[in-house]
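Spelled out, the chains give:
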Amino acid sequence: MASANHLLSEDQFLCSICLDVFTDPVTTSCGHNFCKNCITTHWDISDRCQCPMCKNIFTTRPELHINTFISEMVAQFKHEAQQKTSSSSSEQQVSKPGEVPCDVCTGTKLKALKSCLVCLASYCETHLEPHLTVSGLKRHQLIDPVENLEDRMCTKHNKPLELFCQTDQTCVCMLCSVLDHKTHEFVPLKEGYEGKKAELEKTEAEIQQMIQKRRVKIQQIKRLVNFSKEKANGEIGESIRVFTALMESVQRSLNNLIDEIEDKQKTTEKQAEDFITELEQEISELMKRSTEVEQLSLSEDHLHLLQSFPSLKAAPPTKDWTEVRVHFPSYVGTVMRAVAQLEETLSEEMKKVTVTELKRIQRYAFTVTFDPDTAHPELILSDDGKQVNHSDVRKNLPDNPERFSDCLCVLGKQSFSSGKIYYKVQVKGKTDWDLGVVRESINRKGFITLSPEDGNWTICLRNGNEYKALAGPAVRLSLKSQPEKVGVFVDYEEGLVSFYDVAAAALIYSFTGCSFTGKLYLYFGPCPNGGGKNSAPMIITPINRT
């Protein structure tokens, strides 16, 4: 056991709080050791009961008992350390790099044991002896060896810095406390040290908490990235499936078109070949008759020529080829019909994609009602805040800053400044309407310019059949059918506003690359009722999230 003790070092018996050898050592349930007074004081000034070493938090403050085993080990270590200190000076260590050397030693500098704040010098064991024996020197203040002792002296009074001025938060000497800082509050350096150390421990705890929060945030971001990657891979897979089907459809249409053209060409070639064969047969017959005629004309047999002449005079029977024509096929409209059929196929695929997209964005259903404080005085709102139409009667309403004074429109009461939203509006039976999203800063008084440059992303219907995207300049929209319900999807971070014909499952228009800042509000413009032609209300309709 004695041999084992020699393997122990001072570091094994140091309290991590006071950095000195244990006094009344206690052990926490997490297995770390501290001076009883140190850990008790630490918990007294801390917001929570936590181990300074491993940061383990105790829900209830542990009841501490002195660890007798460690206490006995510390006592034995101190005893051996005292014996070692009392050994001859020949055993003193030579000062190493990083250690404080003795200021008195000449030649080889020994390691200093103490520094004197009065003498402003550091001493090895031998040269420290006078300070331990001479009565005048015994009153000097000795501290553990430190370098730059001048920094521990008051530059104004050349006295040791022994006090901490709480008013100016600086270290001062005794003369400072009665002269320059006489009205200030002071505490001994040790007390100031303990207070600042406690603050540092609290700061350290706060920093550790901030670190932990950021690590948790990193994990959240990583999980979101992984989730986004999975979604992206799913979107890529779905996109590949859709576009593969479209490309296959295009290839089929092209193949069918080529087959149709080639079939027509083959028919033409077959007809021409048949005509040529028939013509060649007639030519052969005519050439045969020509030979017979030529031979008869050379004959000098009077009787034979006269007898044969009647049968050779007339040409052999042949077809009249004057009006015979090779039928040249017409390809007019062939490509157009193929493209039209392809367009129909693509339209069906597009509808399938749009249906899928509408089902997905329904999860972002946004509950909205009209804000009566913004409604133009001639607009009529339903009690549930879901319907609006125009009346010729102007109501006497307060002209508050939020209310539109000239434009027949109203905003949604609910705003949003992040994320994704989706809502549906019924416009059935209307000949004119405006619909979209706008910035909070939209002009409420006077004329309104609806364009992205002015913070408005809207589409409109005019005269019952003129659809436009108010993209500055306006873009005319060609729709196959008149939407009765319009779905609006907004992705704030993506800068996207899309409008859909819900019944036809068709995309009407998309604003992309939008620059959103601050709050956005939903914009509804029922337009004038036109003597009853446009009296149908705009209705916010519910969304089935499933």
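What you see is a predicted model, and the numbers here were worked out from it, not measured in a lab.

A. Seen up close, the pairing of strand S10 (residues 387-390). Residue alternation in S10 divides its side chains into a buried set, Val-388 and His-390, and an unburied set, Gln-387 and Asn-389. With 2 bridges connecting them, S10 and strand S21 (residues 538-541) associate as antiparallel partners. Looking at S21, one finds that Val-388 is bridged to Met-538.

B. Local environment of the layout of surface pockets. In this model, the second largest pocket occupies a volume close to 530 Å³. Around the second largest pocket, the lining comprises 21 residues; the ones closest to its centre are Glu-235, Arg-360, Ile-361, Lys-420 and Phe-489. Every element with two or more residues in the lining of the second largest pocket is listed here: helix H7 (189-298), helix H9 (334-361), strand S17 (485-491), strand S18 (496-501) and strand S19 (506-511). The element contributing the most residues to the lining of the second largest pocket is H9, with 6 residues. When grouped by side-chain class, the residues that make up the lining of the second largest pocket number 10 nonpolar, 4 polar and 7 charged.

C. Main features of the pattern of salt bridges. This structure, assessed with the given rule, holds 17 salt bridges. A salt bridge links Lys-114 to Asp-144; its shortest N-O distance comes to 3.2 Å. Of the two residues, Lys-114 is situated in strand S3 (residues 114-116) and Asp-144 in the loop between strand S5 (142-143) and strand S6 (163-165); the sequence distance between them amounts to 30 residues. Residue Lys-114 is classed as partly exposed on the basis of its relative accessible area, which comes to 29%. Given the relative accessible area of 53%, Asp-144 is considered exposed. Taking the shortest distance from any N to any O, the salt bridge between Glu-235 and Arg-360 comes out at 1.9 Å. Placement of the pair is Glu-235 in helix H7 and Arg-360 in helix H9, with a sequence separation of 125 residues. Residue classification places Glu-235 among the partly exposed positions, given a relative accessible area of 32%. Through salt bridges with shared partners, one network takes in Glu-260, Lys-264 and Arg-337.

D. A look at a nonpolar patch on the surface. There is a patch of nonpolar side chains on the surface, built from Leu-175, Val-178 and Leu-179 and spanning about 250 Å² of accessible area. Looking at where Val-178 falls in the secondary structure, it is placed in helix H6 (residues 174-178). Owing to a relative accessible area of 52%, Val-178 belongs among the exposed residues under this scheme.

E. A look at the packing of H7 against H9. Packing of H7 against H9 brings their axes to within 10 Å, and their N-to-C directions diverge by 165 degrees. Between H7 and H9, the crossing angle belongs to the class labelled roughly antiparallel. The hand of the H7/H9 crossing is right-handed. Counting all contacts with H7, which are made through Glu-235, Val-242, Leu-246, Ser-249, Val-250, Ser-253, Leu-257, Glu-260, Ile-261 and Lys-264, the residues of H9 involved are Thr-334, Val-335, Arg-337, Ala-338, Leu-342, Thr-345, Leu-346, Glu-349, Val-353 and Arg-360. Residue composition of the contact of H7 with H9, grouped by class: 10 nonpolar, 4 polar and 6 charged.

F. Region of the structure containing the sheet that holds S19. Strand order in the open sheet formed by 7 strands is S9-S10-S21-S12-S17-S18-S19, and the pairing between neighbours is antiparallel. In this open sheet, the two edge strands, each paired with only one partner strand, are strand S9 (379-381) and S19. Neighbour-to-neighbour, the strand axes of the sheet open up by a mean angle of 20 degrees, direction not taken into account. Two elements, strand S12 (residues 420-426) and S17, share 7 bridges in a ladder whose sense is antiparallel. Note that in S17 the partner of Val-425 across the bridge is Val-486. Lying over the sheet, H9 contacts S12, S17, S18 and S19, oriented at roughly 120 degrees with respect to S18.

G. Highlighting the sheet that holds S6. Ordered in space as S7-S6-S8, the 3 strands form an open sheet in which the pairing is antiparallel. Edge positions in the sheet fall to strand S7 (170-172) and strand S8 (186-188), since each of these pairs with one other strand and no more. Across the sheet, the mean angle separating the axes of adjacent strands is 35 degrees when strand polarity is ignored. Alignment of S6 against S7, held across 3 bridges, turns out to be antiparallel. Bridge pairing in S7 links Cys-165 to Thr-170.

H. Local environment of helix H2 (residues 36-45). For H2, the full list of buried residues reads Cys-38, Ile-39, His-42 and Trp-43. All buried residues of H2 lie within an arc of 125 degrees about the axis, which places them on one face of the element. Opposite the buried face of H2, by more than 90 degrees, sit the exposed residues Asn-37 and Asp-44. The inward-facing, buried residues of H2 contact strand S1 (25-27), strand S2 (33-35) and H7.

I. Representation of the confidence of the model for the chain. With 95% of its residues at a pLDDT of at least 70, the chain reaches an overall mean of 87. Taken together, the stretch residues 1-7 has pLDDT below 50 and engages in 5 contacts with residues farther than four places along the chain or on a different chain.

The rules behind these values
Residues numbered from 1 in each chain as written. Predicted model: local features only at pLDDT ≥ 70, side-chain atom pairs only at ≥ 80, totals over all residues. Heavy atoms only, no water. Buried < 20%, exposed > 50% of the residue type's maximum accessible area, 1.4 Å probe, protein only. Helix = DSSP H or I, 4+ residues; strand = E, 2+ residues; numbered from the N terminus. Pairing = 2+ DSSP bridges. 1 Å grid on protein atoms, 1.4 Å probe; cavity = no way out; pocket = protein on both sides within 12 Å on 5 of 7 lines; lining within 4 Å. Points joined across faces, edges and corners; volume = space filled by probe spheres on them. Nonpolar A, V, L, I, M, F, W, Y, C, P; charged D, E, K, R; others polar. Salt bridge = Lys/Arg side-chain N within 4 Å of Asp/Glu carboxyl O. Patch = residues over 30% accessible without salt bridge, like charges linked within 9 Å, V, L, I, M, F, W, Y side chains within 5 Å. Areas by Shrake-Rupley, 256 points an atom, 1.4 Å probe, with all protein chains shown as cover. Axes fitted to C-alpha atoms, helices over the stretch in contact; angles between N-to-C directions. Parallel < 35°, antiparallel > 145°, perpendicular 65-115°, else oblique. Left-handed = near helix turned anticlockwise from the far one by under 90°. Contact = heavy atoms within 4.5 Å. Arc of directions from axis to C-beta. pLDDT = per-residue confidence, 0-100.

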